[in-house]
Amino acid sequence: MVALVVILGSTGSIGKNALNLCEKFGVEVEALSCAKNVDLLNEQILKFKPKFVCVGDEKLAKNVKNIEAKNIFFGEAGLLQMLEISSSKKVINALVGFAGLAPSLKTRTLGKRLALANKESLVVGGKFLKTREILPIDSEHFGLKFLLENKTAPKRLIITASGGAFYKKPIKFLKDATPSDALKHPNWDMGAKITIDSATMANKLFEVMEAYWLYGIKEIEAVIEPTSAIHAVVEFIDGSSTMHLSRPDMKLAIAHAMFENVSENIVSHANLLDLKNIKFHKISLKKYPIFSLKDEVLANPDLGVVINAANEVGVFSFLEKKCSFLDISRLVLSSVKNFRDIKISNIDEIFEADKEVRNYAKRMLNAKV
């Protein structure tokens, strides 16, 4: 069992669940980070007594309590420095968005084991990470990992989507959907950005890309399974299929990423008698147009940088009520069309492309996409 761990994004839902598991199994927490929620971070410091912490900026750092000032870091540079001086062999990266890429790359460079909940790291930089060594923190990819231990050759991977907040809403509803509407996820307790991504199906597109980088298979599909009881399916070349089933509780995937060999109960088993309502549905590209990019991005994974940057601009503009819900998809599709031939050959080009796409996306929003 892991003895010492770093948790990046400790105040988010993944981070809080990871800390619950650390408490339950007696894992020492060496370092924590958060972007803005210093009040909760201070509570975590009192309880888990980390040696190092990092926050979003210098002003916030002045509000951190109960830890030596020399062990408080801030900003991206501080986060990377904290990783460098930590002795933990495992890093849980639960940061949100593009900001998670640099710590993932740093973790790889330092030779530490990466337990990854930050899907954007793979979406934009999968070709520069040791993907076969990554421990995925995602119910779908955790399920695929289990299923792929079958020795029969896989033919196709299938992951499931809940359909997000608007699955039962008519398409005409989306035109006037508000952030409050989009944040009402039916099954999962997630942060705002990921919940919006679930409503647009960008989250599922990202998970398709994650599956490609993690398992090296391009035959990947996604379907809607509204109960979130079935997380993944693998179709094997011999004609058989296996499914991964569990309650929708992220502690299970986190535990397997943290401990790798789990021999204790983490969550209660699903009641098989409750599964009679499970049905699978095709993803409507009319309702979820972002998902129409699946085949194109699997053919050219470098487009992940474009999709992620445009999506982040759109999502945060929507949350700030500066654009409509439907503008998010329009912005992503427009950006992919504009940067369709992009090629990324080194890490620096990821950051250059990210900046260029964000500037383009902001111009498009200002022109009212």
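Residues numbered from 1 in each chain as written. Predicted model: local features only at pLDDT ≥ 70, side-chain atom pairs only at ≥ 80, totals over all residues. Heavy atoms only, no water.

Peer 1: It is not clear to me how the packing of helix H14 (residues 325–338) against helix H15 (residues 347–366) should be interpreted in this structure. Could you clarify?
Peer 2: It is the contact of H14 with H15, at a shortest axis distance of 10 Å, that shows an interaxial angle of 125 degrees. Judged on the interaxial angle alone, H15 and H14 are oblique. Crossing of H14 against H15: the hand is right-handed. Across the interface between the two elements, Leu331, Ser334, Ser335 and Asn338 from H14 touch Val357, Tyr360, Ala361, Met364 and Leu365 from H15. (Axes fitted to C-alpha atoms, helices over the stretch in contact; angles between N-to-C directions. Helix = DSSP H or I, 4+ residues; strand = E, 2+ residues; numbered from the N terminus. Parallel < 35°, antiparallel > 145°, perpendicular 65-115°, else oblique. Left-handed = near helix turned anticlockwise from the far one by under 90°. Contact = heavy atoms within 4.5 Å.)

Peer 1: Is there a simple way to think about the UniProt feature "binding site: 1-deoxy-D-xylulose 5-phosphate" (unreviewed entry) in the protein in this case?
Peer 2: Here the UniProt feature "binding site: 1-deoxy-D-xylulose 5-phosphate" (unreviewed entry) sits at Lys119, Ser139, Glu140, Ser162, His185, Ser198, Asn203, Lys204 and Glu207. Relative to the assigned elements, Ser162 resides in the loop between strand S8 (154–161) and helix H8 (179–182). Non-local contacts of Ser162, meaning those with residues more than four positions away in its chain, are made with Tyr167, His185, Asn187, Ser198, Ile224, Glu225, Pro226 and Ser228. With relative accessibility at 9%, the residue Ser198 sits in the buried group. Not counting chain neighbours up to four residues away, the residues in contact with Ser198 comprise Ser162, Gly163, Gly164, His185, Met190 and Asn203. (UniProt positions renumbered as here; feature names shortened; annotations may be inferred. Buried < 20%, exposed > 50% of the residue type's maximum accessible area, 1.4 Å probe, protein only.)

Peer 1: Would you explain the domain arrangement of the protein in this entry?
Peer 2: By a widespread convention, an interface's size corresponds to the accessible area lost as its parts come together. Domain boundaries in the protein define domain 1 (4–136) and domain 2 (140–367). Computed from C-alpha atoms alone, the centre-to-centre distance between domain 1 and domain 2 is 23 Å. Contacts between the two partners involve 33 residues from domain 1, matched on the other side by 42 residues from domain 2. Counting each side, the surface lost to burial between domain 1 and domain 2 is near 3300 Å², with a carbon and sulfur contribution of 70%. At the boundary of domain 1 with domain 2, the tally comes to five salt bridges. Between Glu260 and Lys90 there is a salt bridge whose closest N-O contact spans 2.9 Å. Across the domain 1-domain 2 interface, the total number found is 15 residue pairs in polar contact (both at pLDDT 80 or more). Elements with a contribution of two residues or more to the side of domain 1 that touches domain 2: helix H1 (13–25), strand S5 (90–93), helix H5 (101–109), strand S6 (113–116), helix H6 (119–125) and strand S7 (135–136). With eight residues, H1 is the largest single contributor of residues to the side of domain 1 that touches domain 2. Of the residues that constitute the side of domain 1 that touches domain 2, the class distribution is 19 nonpolar, six polar and eight charged. (Domains from an automatic or database assignment. Buried area = accessible area lost by both parts, 1.4 Å probe. Salt bridge = Lys/Arg side-chain N within 4 Å of Asp/Glu carboxyl O. Polar contact = N/O pair within 3.5 Å; in protein donor to acceptor, adjacent residues only side chain to side chain. Nonpolar A, V, L, I, M, F, W, Y, C, P; charged D, E, K, R; others polar.)

Peer 1: What is the right way to look at the side chain of Asn311 in this model?
Peer 2: Looking at where Asn311 falls in the secondary structure, it is placed in helix H13 (residues 303–319). Asn311 sits in the buried class, given a relative accessible area of 0%. Asn311 has contacts with Lys193, Asp197, Ala202, Phe206, Ile290, Ile328 and Val332, leaving out every residue within four places of it along the chain.

Peer 1: Teacher, can you tell me more about the sheet that holds S8 here?
Peer 2: Sheets are built from strands paired through backbone hydrogen bonds, the pairs being either parallel or antiparallel. Across the sheet, which stays open at both edges, the four strands sit in the order S9-S8-S10-S11 with mixed pairing between neighbours. Pairing within the sheet leaves two strands with one partner each, and these edge strands are strand S9 (220–224) and strand S11 (241–245). Adjacent strand axes in the sheet meet at a mean angle of 20 degrees, parallel and antiparallel pairs treated alike. Here five bridges tie S8 to strand S10 (residues 230–236), and the two strands are oriented antiparallel to one another. Its bridge partner being in S10, Ile159 is matched across the sheet by Ala232. Most of the contacts of helix H7 (residues 139–147) go to S10, to which it runs at about 35 degrees, and overall it touches S8, S10 and S11. Against the sheet, helix H10 (residues 202–215) contacts S8 and S9, and its axis sits at roughly 150 degrees relative to S8. (Pairing = 2+ DSSP bridges.)

Peer 1: For this particular structure, what's the right way to read the environment of Pro50?
Peer 2: Assignment of secondary structure puts Pro50 in the loop between helix H2 (38–48) and strand S3 (52–55). Residues Pro50 and Glu30 lie 20 residues apart in sequence; the distance between their C-alpha atoms is 4.7 Å. The contact partners of Pro50, leaving out residues within four places of it in the chain, are Val29, Glu30, Ala31, Leu32, Gln44, Ile45 and Ile67.

Peer 1: Please clarify how the pairing of S11 should be interpreted in this entry.
Peer 2: On a regular strand, one side chain projects to one face of the sheet and the next to the other, so that they alternate. Inspection of the sheet shows S10 paired to S11 by five bridges, in the antiparallel sense. Of the residues in S11, the one forming a bridge with Ile230 is Leu245. Between S10 and S11, which follow one another and run antiparallel, lie four residues, and Gly239 among them has a positive phi close to 100 degrees.

Peer 1: How do you make sense of the sheet that holds S3 when you look at a structure like this?
Peer 2: Read from one edge to the other, the open sheet built from seven strands follows the order S4-S3-S2-S1-S5-S6-S7, with strand pairing classed as parallel. The open sheet has two edge strands, strand S4 (72–74) and S7, and neither has a second partner. Bridge count for S5 against S6 is four bridges, and the pairing is parallel. Along S6, the bridge assignment pairs Asn93 with Leu116.

Peer 1: Where do I start with the environment of Phe173 in this structure?
Peer 2: Among the secondary structure elements, Phe173 is positioned in the loop between S8 and H8. Ignoring any residue separated from it by four or fewer positions in sequence, one finds Phe173 in contact with Phe166 and Asp181.

Peer 1: What is the right way to read the layout of surface pockets from this model?
Peer 2: The method is simple in principle: a probe with the dimensions of a water molecule rolls over the atoms, and the space it marks as empty is what remains. In this model, the second largest pocket occupies a volume close to 260 Å³. Together, 16 residues line the second largest pocket, and Leu245, Ser246, Leu252, Val267 and His269 are the ones closest to its centre. Every element with two or more residues in the lining of the second largest pocket is listed here: H7, S11 and helix H11 (251–259). Among the residues forming the lining of the second largest pocket, the class breakdown is eight nonpolar, six polar and two charged. (1 Å grid on protein atoms, 1.4 Å probe; cavity = no way out; pocket = protein on both sides within 12 Å on 5 of 7 lines; lining within 4 Å. Points joined across faces, edges and corners; volume = space filled by probe spheres on them.)

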